[in-house]
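Residue-level structural notes
Letter by letter, the chains look like this.
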Amino acid sequence: MAEAVPASARAVIVGGGIAGCSVAYHLAKLGWKDIVLVERARLTAGTTWHAAGLVGAMRPNRALTAMSKYGIDLYSKLEAETGQATGWKNCGSVNVARTPERVVAFKRQVALAKGFGVDIQEISPDEAGKLWPLMRTDDLQGAIWLPGDGKANPADLCMALAKGARQMGAKLFEGVAVTGFERANGAIVAVQTDQGRIAADVVVLACGQWTRQVGEQLGVAVPLHSAEHFYIVTKKIAGVTPNLPVMRDPDGYIYYKEEVGGLVMGGFEPVAKPWGMDGVPEDFAFQLLPEDWDQFQILMENALHRTPCLETAEVRQLLNGPESFTPDGNFILGEAPGLRGLYVCAGFNSAGIANAGGAGRLTAEWIAGGEAPMDLADVDIRRFADFQANGRFLRERTVESLGLHYVMRWPRMELESARPLRRSPLYDRLAANGARFGSKMGWERANYFAPLDAKIPYAWTPNWLPYTRKEQEAARNGVGIIDQASFAKILVQGRDAAAYLQRICANDIDVTPGRSVYTALLNERGGFESDVTIARLAEDKFLYITGSAQLTRDLDWLGRQIGDQFVTLTDATVTWTTLSLIGPGAEAALAKISPRLPKLGNGEVRTIDVGLARVLATPMSYVGAPGVEMLVPTEYAAGVYDELKSATQAIVDIGYYALDAMRIEAGRRAFGPELGPDETPVEAGLLHAVAFDKPGGFLGREALLAKREAGVAKRLCMFALEDSGDWCWGGEGILANGRPAGEISSAGWSTVLGRCVAMGYVRAKENFDRATMLSWSYEVDIAGKIVKAKALPRAPYPPK
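Note that this is a predicted model, so its numbers are computed, not measured.

Attention shifts here to the pairing of strand β21 (residues 342–346). The buried fraction of β21 amounts to five of the five residues, a majority that puts the element mostly inside the structure. Taking every second residue as pointing to the same face, both faces of β21 are buried, with L342, V344 and A346 on one and Y343 and C345 on the other. Here strand β11 (residues 196–205) pairs with β21 via three bridges, running parallel. Considered in β21, the bridge of V203 is made with L342.

So, in C-alpha cells, the structure goes:
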C-alpha cells in the first residue's frame, strides 16, 4: 500500500522535475527534516525527461557563474554519492564564431572568465576542428574552448537528486495532484492535494511551465510562457565518439551533443513559436508536440552547412518538447512578494539541467537563511511586476526571448517585442524630437536623441556617442531637460512612519519636513537592499524615491519590515512625473515660468509654482551638476514641459545614456552596477551617508561596524582610460599590477577628461585600504586588448 501524504511538513515542494528535486536535495543537505515533494504525474514527466542535458559553467556575472560551477561539481560527484547513474560526462564544449563581431563577444567572455575562475581558452578555427572533426571550419572567424563543461542524462540526473533527497529523509510522492492552497496573515500555511491537506511552513513552486498557472491561484505573478523547442536525434554517424565535446554555433542558432554514437542537434531560432496560450494542460506528462519541420527549417539549414555529415545521416526523430521562457531570458527564484513562505524556482529558459543544481542550492539557502544568500537580482522574482504576467505580453515576448540564448547580445541591446507598454505624458513629444527609446520595467524611456532619419546600429563602440556627448555638453555648460517619469515612488505614511524609517535606513531620516536625505537600506549583513532618496513631506508622511526597476523589490522589502507598526505604503509612481532641469542655466530657465522662484538649499524640498502647475522641487544632485529636480503632478507634466521649452529655446532634451555618463563622471553609484546585497557602504565608499550614532541604531549597523573595523578585500575604484579612443561598457576585466582583480561595473564618457571613465570593484585575497588601492597600476581587458587605466582619487566632476 502506497504511503499516505503527511498532514504536515516543514517544506512542501510542488513539482518533481529537476528543479524541485534539487530543492528537496539541498534542503535535506542543510539538515531540514519533514520535507515533502509532490508530483502530479511521475518524476521528470514535465520537461526534464526530454531536455538536451547540456551543462556549462560560464554565466554573465560573478554570482551566477559561481552557481554554475557548483552545479558542475555536484553533478560530477552525485553518482558516487547516491549510487544512481547520472550520465555525467566532462566532455568540454567548443563554441564557434562565424563573424568578427561574435569573435569580439567571445574575447569579452574570455576576459570575464579569467576573473571568475572559469577555465576558458580562445582557440583558432583549426584547433576547433581538431576538437570537433565533423565540423566545417573554413568560414569560421574564431572559437573558444571550455574544458570544464559537460553533459548529462537529464532524467537520470533528476533521479539521482531525488534518491539523494530520499536518503537524507525527504519524502517524494508521485501521482499526487495539488488542488489548492491556504493562506493566513500574509503567509502560505497549507497545500491542498487530491490525497489530503498538508500544513506547511514553506511551499516551493517548482512546477516548470505550469508555475504561472499555479501562481495565479495565489495571486502571485510568475512571468513565464511556454514555447515549442526542437532538436533532432540521429542514428549512429561515423566519427562520432563518446567523448565528443558539446559544440555550439550561436551565429547559426544551433548546438550539438553526442548521443549513443549519433548526434543531438537543436537550437534557439530567432523567431520562436509560443505554445499553451490558453494554459498548459494539467495532464501533459511525458508528451511531445507534433513535428514542425517548417519551424525547424532555419536550424536544419544552418546545421547542414556546419556539419555536412547530416546530409546523409538517418534522423530517428524530430523532438518538439515545450519549455518555459521568461521575458528577459533569466530564470526565476526567490520568495514571492507579498506572500511569506512561498518560494519560486522555475522559468529556466530551456537551461534547467545546467542551472538546476546551483539554483536548487540557492533556493534552499534562501529558505533556510531568510534572505538571498548572495546578490541574485538578475534572477530574483521581484525584478518583475504584475503587468509582466499579462498573457499577451508574455506570448509576444516569448517569440523573441527564446532566441536570446544565441542572438548577438550587444551592449545595451533593447528587446523590441511587446512595446511600447508604459508611456509617460511626454512620450509623443520626445518621440517627435528624435528620442530613441529603451525600456525599463516596461517604461519607455529616452536613451538618447538623434535625427529622425538617422540609422544607428548596435556595435562594440557606441555609434550613439556623438549624440550623447552633445547632450552632456548642454547639461554641463547650458541647460538640459530629462523626463524621469519612471522613477518609482512610494508614500510612507502613518503614526510610526518616522521611527520605522529610522530603523531601516542607514542615514538619519528624522529631519524637519521639507528636507530630503540620501540613504542606504541595508540587510543584516550590511549589504545594500536599496539606495534611495527620502523626502519628508510632513511629520508622518515621507516620499521614498527609488530606481525604476526597484518598485516590486522595495515595496516587498519595506513591507516585511513593518511588523506591528502603524505604517502604510502606497505606490505613488504615476502620481508624479519627475522632470529634471540640469546645468548652470537651469535656474534661469525655470525662473522664466516661475517668477517667484526661491533659492533652493541643499536637500531642501519646496512646493513652487511652475507655469500653471504647483510642483515639488529640490536641487539636482545625481549628476553632480547644478539643476532642479521637479516632481510634477502627472496631469500637469506636458504643460510644464511645453512652457519650459517655449520660454527657453536653448533647453536640450537629454536621455538616460547621457544621464548615466554624467553620474559616473560625478562618482555617483547606482543600485545594480555598484550597489547590491553583497556590497556594503565600506566597500562602496559611501560611509559618509551612514549615521552610525543616530539614536536607536539601524538594521545592519553591527555588521557594518564589524566590516569597517576588520577591513575589506574589495573596494570600488574609479578609473580613466588613458587612450581617448578606447571604450568599455561594463563587464571588462580589471588587472591590478598585472593580475585579474575584478570587473568594470559602469562606464561612460567624461566631458571633463575627454575620455571614457569607469567604476569597478577591485578585489584581492587580503584586506587592503584605499591608499593601497590607488597606488596600484591598472589595466582593463577590452576583448583581449589590454589598455592602460589610471585610478582616480576623486571623481572628475566637478572639476577642481
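The discussion continues.
What follows is about the packing of aromatic side chains. Two aromatic rings, taken as a pair, are described by how far apart their centres are and by the angle between their planes. Taken as a whole and assessed by the stated rule, the structure comprises 20 aromatic pairs. Taking the centre distance of 6.1 Å and the plane angle of 45° together, the rings of Y255 and F268 count as tilted. You can see Y255 sitting in strand β15 (residues 254–259) and its partner F268 sitting in the loop between β16 (262–267) and β17 (274–275), a full 13 residues away along the chain. Classification of Y255 by relative accessible area gives buried; the value is 3%. Pairing W464 with Y657 gives two aromatic rings, centres 4.6 Å apart and planes at 50°, and the pair type is tilted. Within this pair, whereas W464 is found in the loop between β23 (443–449) and α11 (465–477), its partner Y657 is found in helix α16 (residues 656–665), the two being separated by 193 residues in sequence. Taking the relative accessible area as the measure of exposure, Y657 reaches 10% and is therefore buried. If you follow R10 out to its NZ or CZ, it ends over the ring of W32, 3.6 Å from the centre.

Turning our eyes to something else, we now look at the packing of helix α1 (residues 18–29) against helix α8 (residues 352–369). The contact between α1 and α8 brings their axes to 8 Å, and the two run at 40°. Between α1 and α8, the crossing angle belongs to the class labelled oblique. Crossing hand, α1 versus α8: right-handed. Along its contact with α1, which presents I18, A19, S22, V23, H26 and L27, the element α8 presents G352, I353, A356, G357, G360, R361, T363, A364 and I367. Each residue belonging to the contact of α1 with α8 can be placed in one class, and the counts come to eight nonpolar, six polar and one charged.

This next bit is on the sheet that holds strand β34 (residues 652–653). With respect to topology, six strands assemble into an open sheet ordered β31-β32-β33-β30-β24-β34, the strand pairing being mixed. Pairing within the sheet leaves two strands with one partner each, and these edge strands are β31 (606–610) and β34. Where strand β24 (residues 480–483) lies against β34, two bridges are found, and the strand directions are parallel. Note on β34: the bridge partner recorded for I481 is D653.

A few words on the environment of L30. Turning to its location among the elements, L30 is positioned in the loop between α1 and β2 (35–39). Linking L30 and N243, residues 213 residues apart in sequence, is a C-alpha distance of 35 Å. Ignoring sequence-local partners within four residues, the contact set of L30 consists of A364, E365 and A368.

Here we come to the pattern of salt bridges. In total, this model carries 48 salt bridges according to the counting rule given. K645 serves as the salt-bridge partner of D653, at 2.9 Å between the closest nitrogen and oxygen. Using a relative accessible area of 21% as the deciding quantity, one classes K645 as partly exposed. Within this structure, E335, D380, R382, E529, R553, D556 and R560 form a network of salt bridges that share partners.

Glancing now at the sheet that holds strand β37 (residues 739–750). Overall, antiparallel pairing links the six strands, which are arranged β35-β38-β37-β36-β39-β40 in a closed barrel. Strand after strand, the sheet turns through a mean of 40° between neighbouring axes, direction not considered. Both strand β39 (residues 778–782) and strand β40 (residues 785–792) contribute to a ladder of five bridges, which runs antiparallel. Within the sheet, the bridge partner assigned to Y778 lies in β40 and is A789. Most of the contacts of helix α3 (residues 100–116) go to β37, to which it runs at about 130°, and overall it touches β36 (733–736), β37 and β39.

Here we take up the nonpolar core. Soluble globular proteins tend to bury their nonpolar side chains together. In terms of nonpolar packing, the biggest core is built from 64 residues, with I13 and L27 touching the most fellow members. A total of eight residues in this core trace back to one element, the largest contributor, which is α1. In contact with L27, other than residues within four places in its own chain, are A11, I13, W32, I35, A364 and I367. Membership of the second largest hydrophobic core comes to 35 residues, among which are F284, L339, L342 and A346.

The subject of this paragraph is unusual backbone geometry. Omega for the peptide link from R419 to P420 comes to -10°, which places this bond in the cis form. Among the secondary structure elements, P420 is positioned in the loop between α9 (391–401) and α10 (427–432). Along the chain, Y797 connects to P798 via a cis peptide bond; the corresponding omega equals -5°. By the secondary structure assignment, P798 is in the segment after β40. Its identity is not glycine, yet N349 carries a phi of approximately 55°, on the positive side. By the element assignment, N349 lies in the loop between β21 and α8. The backbone phi angle of S350 is positive, close to 65°, even though this residue is not glycine. Along the chain, S350 falls in the loop between β21 and α8.

Criteria and thresholds
Residue indices begin from 1 for each chain and proceed along its sequence in written order. The model is predicted, so local features are restricted to residues of pLDDT at least 70 and side-chain atom pairs to those at 80 or more, both for listing and for counting; the totals for chains, interfaces and linings are taken over all residues. Neither water nor hydrogens contribute to the side-chain values; these are computed over all heavy atoms in the structure. For every residue, the accessible area obtained with a 1.4 Å probe (protein chains only) is divided by the maximum for its type, and the residue is called buried under 20%, exposed over 50%, and partly exposed between those limits. Each helix corresponds to a stretch of at least 4 residues labelled H or I by DSSP, and each strand to a stretch of at least 2 residues labelled E; elements are numbered beginning at the N terminus. Pairing between two strands is assigned when DSSP locates at least 2 bridges connecting them. Stacked, edge-to-face and tilted are the three classes for Phe, Tyr and Trp ring pairs, Trp counted by its six-membered ring, which pair at centre distances within 6.5 Å; planes under 30 degrees apart are stacked, over 60 edge-to-face, the rest tilted. Lysine and arginine charges are scored as sitting over a ring when NZ or CZ, respectively, is within 6 Å of the ring centre and within 35 degrees of the ring normal. Only the stretch in contact is used when fitting a helix axis, every axis being a line fitted to C-alpha atoms; angles between N-to-C directions are given from 0 to 180 degrees. Here roughly perpendicular refers to angles of 65 to 115 degrees, roughly parallel to angles under 35, roughly antiparallel to angles over 145, and oblique to all remaining angles. In this scheme the handedness of a crossing depends on how the near helix is turned from the far one: anticlockwise by less than a right angle means left-handed, clockwise means right-handed. Between two residues, a contact is recorded if the distance between any of their heavy atoms is within 4.5 Å. Basically, the charged four are Asp, Glu, Lys and Arg, the nonpolar ten are Ala, Val, Leu, Ile, Met, Phe, Trp, Tyr, Cys and Pro, and anything else, Gly included, counts as polar. By definition here, a salt bridge exists when the distance from a side-chain nitrogen of Lys or Arg to a carboxyl oxygen of Asp or Glu is within 4 Å. Here the nonpolar core consists of buried residues drawn from Ala, Val, Leu, Ile, Met, Phe, Trp, Tyr and Cys, with membership extended through side-chain atoms lying within 4.5 Å.

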